[in-house]
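Residue-level structural notes
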Amino acid sequence: MATVHHALVLNLHQPPGNLQELLEHQTWEAREILFALDRIPRSLWGREDLARVHLSLSGTLLETLSDPVFQERVYGIVDCGALLWHLQNQALFEVVGTGYFHPVLPLIPEADRREHLARWLDIARHLLWRPQFQGFWPPEMGFSMELIPLLRAFGYRYVFVDSEHVEPVTEMSWQELRYRPHIARHGDDEIIVVVRDRELSDAQESGMDVDWFLNEVAERTRWCDFEPLVTTCTDGENGGWFRNVTEGANFWSAFYLPLLDRVAAGEADVRPTFVSDYLDEHGAHGEVRVRTGAWNTGWHHGRDFTQWMGSERQRQAVADFAEASRMIHDARWFAGERGVTEGPESDALAEALWHLLRAETSCNIYWGESWVPRAEADLHAARQALERAVSLAPSPTALEVGSEAEAENEPDVMSATLAPESASARSASHDTESGVRDALPTDPSPDAAAEATSTRGNVDPSATQP
């Protein structure tokens, strides 16, 4: 029987301000999350010969862990500086790229996708001391084929996709489809896709023992005439299995360390591996297509983003992302054409973009409508910052709707920038002189925006969370 290579992938994300809010109102839950994060490197100290773990850390989580104020606040719980230092251990951890604010990439505009990826690289290179990241973790495993050129432009070699959505282009067996990396193409660009085993990942999420895992892997790979790559991916700090602080009752002490012991003793045919090392030795085989979709959540299969688009208010928020994005990027382009690269106008545009990107955090639309007010509040702040930027433009007349002659000959950038927003906000007051307030919604309820204080693990601690 061929050696089975196991790629363990853990997604680590906390939305902006969530840990700070939990520390204030649900202290034990915040401690559980911090302990779960800190337990990862602590569990693996001295296991560099065998342990291999892929980590996706959202930009917002990295931002929180590196914030001096937050570090001081939690110093008696965990040492965040030491945690970040240990995550630099490249013998244990292959860190993979992701989006800064953890957006569902297929649901946001392309220009914003670029911003999320670029901002994540900036903070990750600085904190984790890696000039390059070979793999990419799409937040929520939300993937579409049109992402391939973008991922290649950012230098990524491979991307994780869910087994539910992979279809063969070249003829291959079920085992080949699931347990070999493949090539996926979009236009002139191609990338290696690494397939997450959904069923084994479900078991990893909720709790499993070593014997069951080894037997299940053996059965699934029995007919492989190649060295298979079995990939399991879950959150790494959500759910009782990962948060449990009792020795012998969590993922690390009850499963992963005993697995390493069995491997070291020669009692297991499974070998932990980094995807990059597997690709260097075995390469990718065959071509596949990947249907647009996400990973399965605790109560949804992920095929049509219903988890994030199930209600009218969720869908409206996604439509508002696109509307605000168009206005902000048009305004940034117009400022760039006038040579505006610094100063109050540039600062206001940067603030508008930051609020937009934060609004696109997947958690804001994951919990039905309970967190949507957070997205709406950031969208409102983004439009207010855009209004300030427009008011600071050096030539006010340039912001008016162009003359008919200009409209016939040139694109009217600013009138597009200040176009009215979606129907959900058309009850806002209007400023007929500049047209700016046509883009502003009514103020969202501060109470509604503050209502949802639960972390991603509160609804169902055994469920895969965003």
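For the structure itself, consult the block above.
Presented here is an overview of the structure given in this document. Because the structure is predicted, anything quoted here is derived from the model rather than measured.

About the thresholds
Residues numbered from 1 in each chain as written. Predicted model: local features only at pLDDT ≥ 70, side-chain atom pairs only at ≥ 80, totals over all residues. Heavy atoms only, no water. Helix = DSSP H or I, 4+ residues; strand = E, 2+ residues; numbered from the N terminus. Polar contact = N/O pair within 3.5 Å; in protein donor to acceptor, adjacent residues only side chain to side chain. Buried < 20%, exposed > 50% of the residue type's maximum accessible area, 1.4 Å probe, protein only. Contact = heavy atoms within 4.5 Å. Salt bridge = Lys/Arg side-chain N within 4 Å of Asp/Glu carboxyl O. Core = buried A, V, L, I, M, F, W, Y, C linked by side-chain atoms within 4.5 Å. Expected span 1.5 Å × (residues − 1). Axes fitted to C-alpha atoms, helices over the stretch in contact; angles between N-to-C directions. Parallel < 35°, antiparallel > 145°, perpendicular 65-115°, else oblique. Nonpolar A, V, L, I, M, F, W, Y, C, P; charged D, E, K, R; others polar. Pairing = 2+ DSSP bridges. Phe/Tyr/Trp six-rings, centres within 6.5 Å; stacked < 30°, edge-to-face > 60°. Lys NZ or Arg CZ within 6 Å of the ring centre and 35° of its normal.

Focus on the side chain of E323
Topologically, E323 is positioned in helix α15 (residues 312-337). A polar contact is formed between the side chain of E323 and the side chain of R326, at a distance of 3.2 Å.

Here we look at the side chain of T273
Mapping T273 onto the fold places it in the loop between β10 (270-272) and α13 (275-282). For T273, a relative accessible area of 9% gives the class buried. With residues up to four places along the chain from it excluded, the contact list for T273 reads H5, H6, A7, R52, H54, L229 and Y278.

Side note on the pattern of salt bridges
Per the counting criterion, the structure on display carries 33 salt bridges. Between E164 and R303 there is a salt bridge, and its shortest N-O distance comes to 2.9 Å. One end of the pair, E164, is in the loop between β5 (158-162) and β6 (166-168); the other, R303, is in the loop between β11 (288-290) and α14 (306-309), with 139 residues separating them in the sequence. Judged by its relative accessible area of 27%, E164 falls in the partly exposed class. The salt bridge partner of R185 is E287, with a shortest N-O separation of 2.7 Å. Of this pair, R185 sits in strand β7 (residues 182-186) while E287 sits in the loop between α13 and β11; the two residues are 102 residues apart in sequence, bridging distant segments of the chain. Judged by relative accessible area, which is 21%, E287 ranks as partly exposed.

A word on the nonpolar core
Where a protein is soluble and globular, its nonpolar side chains tend to be buried together. One finds W252 and Y256 to be the most contacted residues of the largest nonpolar core, which totals 120 residues. Listed in part, the 16 residues of the second largest apolar core include A7, V194, C233 and Y278.

Remarks on helix α16 (residues 344-359)
Over its 16 residues, α16 extends 22 Å from the first C-alpha to the last, a length consistent with the 22 Å expected when each residue adds 1.5 Å. Restricting attention to buried positions, one finds in α16 the residues E345, S346, A348, L349, A352, L353, H355, L356, L357 and A359. Elements that come into contact with the buried residues of α16 comprise α6 (110-128), α15, α17 (363-366) and α18 (372-391).

Some remarks on the packing of α6 against α16
Look at α6 against α16: their axes get within 11 Å of each other, and the N-to-C directions meet at 90 degrees. As the angle between them shows, α6 and α16 are arranged roughly perpendicular. Mapping the contact onto sequence places D112, E115, H116 and R119 in α6 and L353, W354, L356 and L357 in α16. Counted by class, the contact of α6 with α16 contains four nonpolar, one polar and three charged residues.

Section: the environment of L200
The topology assignment puts L200 in helix α9 (residues 198-206). When the C-alpha positions of L200 and F213 are compared, they lie 8.0 Å apart, and in sequence the two are 13 residues distant.

Some words on the environment of E171
Examined against the element boundaries, E171 turns out to sit in the loop between β6 and α8 (174-179). Separated by 115 residues in the primary sequence, E171 and G286 place their C-alpha atoms 7.8 Å from one another.

Some details on the pairing of strand β9 (residues 229-235)
Judged by how many residues are buried, β9 sits mostly within the fold: seven of seven residues are covered. Of the pairings in the sheet, the one linking strand β1 (residues 4-12) to β9 comprises seven bridges and is parallel in character. In the sheet register, H5 faces β9, and the bridge partner there is L229.

Re the packing of α9 against helix α10 (residues 210-220)
Remark: α9 packs on α10, axes separated minimally by 12 Å, with the N-to-C direction vectors making an angle of 175 degrees. As far as their axial angle goes, α10 and α9 are roughly antiparallel. Listed contacts from α10 to E199, L200 and A203 of α9 are W212, E216, V217 and R220.

Re the packing of aromatic side chains
Under the counting rule described, the total for this entry stands at 19 aromatic pairs. With a centroid separation of 4.8 Å and an interplanar angle of 90 degrees, the aromatic rings of F251 and W252 are classed as edge-to-face. For the pair F251 and W252, a shared accessibility class is recorded, and that class is buried. Between the aromatic rings of Y366 and W367, the centroid separation amounts to 4.7 Å while the plane-to-plane angle is 90 degrees, which identifies the pairing as edge-to-face. Accessibility assignment for this pair places Y366 and W367 in one class, buried. One aromatic cluster in this structure is built from F213, W241, F242, F251, W252, F255 and Y256. When the ring centre of F274 is taken as reference, the NZ or CZ atom of R52 above it lies at 5.5 Å. Taking NZ or CZ as reference, R374 lies 3.9 Å from the ring centre of W371, over its face.

Brief notes about the environment of R42
With respect to the secondary-structure elements, R42 resides in helix α2 (residues 27-44). For R42, a relative accessible area of 48% puts it in the partly exposed group. Remark: the alpha-carbon pair of R42 and L83, spanning 41 residues in sequence, is separated by 8.9 Å. Among the polar contacts listed, one links the side chain of R42 to the side chain of D38, at a separation of 2.5 Å.

Distances and angles like these do not, on their own, reveal function.
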